[in-house]
There are 2 protein chains.
Amino acid sequence: MREEQANRCVAGATDQARACTVREALDRVGGKWSIGILIAASTGPVRFTELERRVEGISRRMLTLTLRNLERDGLLVRHVHPTVPPKVEYTATPMARELYESLVALTRWAERHREAISTARAAYDRQHGTPAG
Amino acid sequence: MREEQANRCVAGATDQARACTVREALDRVGGKWSIGILIAASTGPVRFTELERRVEGISRRMLTLTLRNLERDGLLVRHVHPTVPPKVEYTATPMARELYESLVALTRWAERHREAISTARAAYDRQHGTPAG
DNA sequence: CGGCATCCTCGACGATACTG
DNA sequence: CAGTATCGTCGAGGATGCCG
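Please read these numbers as outputs of a predicted model, since none were measured by experiment.

Q: Help me understand the UniProt feature "domain: HTH hxlR-type" (unreviewed entry) in chain A in this model?
A: Under the UniProt annotation, the feature "domain: HTH hxlR-type" (unreviewed entry) is placed at residues 20-118 of chain A. The distance from the first to the last C-alpha atom of residues 20-118 of chain A is 28 Å, and the span holds 64% helix and 14% strand.

Here's what the structure looks like:
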């Protein structure tokens, strides 16, 4: 989770301006857990503990941190029910759901080329030294 | 740059299977410099030094490392001209150009919501403790 | 020109324990 | 239940220098 981002992209059509804008988007979801949380929260309100169960492998700490960042970026809304025991629900904003839609294109790319990439890697590792020897 | 990826996504329509597939795609371009290099190399062959100039802020080391990874994934082709002084050219593969197309959706998302995110952050930082205070 | 080797920093992330 | 606090690890990435 990037602490702050001193990442003002200059507008324009140059290569690196484009690259910066792309990274600007990627930085919102670049963390290890952001996507998993976002997807889990995009179908409806989800409670903290429910997220902890559904996002497999996440620690309590990282869940909290990632939630805070997503909330800060306006991708999640946090709603506290003043009950006892406490009940907190997180919901993805429309902006976050749009983001996921945009990521679908990327997902399809990965599926289309999964095989090719795997082959390319094997070939590369054969030609150059393979990592394990 | 992820050293290896023990990241076999299980197929399926569960939240976390989807999340894994998305991350699979993100991992190809998640590095700090991948996008910049890919874009610069997608219009035609580019030489090492030219990349070093065009991808602003990159170090020689990271340029080399990122190039190797992109080549390994089959996103770049490396062509060595056996001349002296040496001349090496990198070209984005069709697969990489497709990837860029997929990233456009993400770019547009970033542009659409840049303002909203910035505002959300400011609001969040005001309400909770701002980083510098 | 186009690298690779070495050293270092620093932030993402994990483990564990405590709390209103 | 839903966190916070503290400590430790690990690897991405930066700085610098040498080489065919």
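Back to the text.
Q: Where do I start with the sheet that holds strand E3 (residues 87-92) of chain B in this structure?
A: Note: strands within a sheet are paired through backbone hydrogen bonds, in either parallel or antiparallel orientation. Residue and element names in this part refer to chain B. One open sheet holds the three strands; their spatial order is E1-E3-E2, and the pairing between them is antiparallel. Unpaired on one side and paired on the other, strand E1 (46-47) and strand E2 (76-81) mark the two borders of the sheet. Inspection of the sheet shows E2 paired to E3 by six bridges, in the antiparallel sense. Its bridge partner being in E3, Leu76 is matched across the sheet by Ala92. Seen against the sheet, helix H2 (residues 34-41) touches E1, E2 and E3 and runs at an angle of roughly 95 degrees to E3.

Q: Please explain the environment of A:Leu70 as it appears in this structure.
A: All names here are of chain A. Residue position: Leu70 is located in helix H4 (residues 60-72). A residue is classified by how much of its surface remains accessible, and Leu70, at 1% relative accessible area, is buried. Spatially, the C-alpha atoms of Leu70 and Val29 are 8.7 Å apart, while their sequence positions differ by 41 residues. Ignoring any residue separated from it by four or fewer positions in sequence, one finds Leu70 in contact with Arg28, Ser34, Ile37, Leu38, Leu75 and Leu76.

Reading the values: the criteria
Residues numbered from 1 in each chain as written. Chains lettered and ligands numbered in written order. Predicted model: local features only at pLDDT ≥ 70, side-chain atom pairs only at ≥ 80, totals over all residues. Heavy atoms only, no water. UniProt positions renumbered as here; feature names shortened; annotations may be inferred. Helix = DSSP H or I, 4+ residues; strand = E, 2+ residues; numbered from the N terminus. Pairing = 2+ DSSP bridges. Contact = heavy atoms within 4.5 Å. Axes fitted to C-alpha atoms, helices over the stretch in contact; angles between N-to-C directions. Buried < 20%, exposed > 50% of the residue type's maximum accessible area, 1.4 Å probe, protein only.

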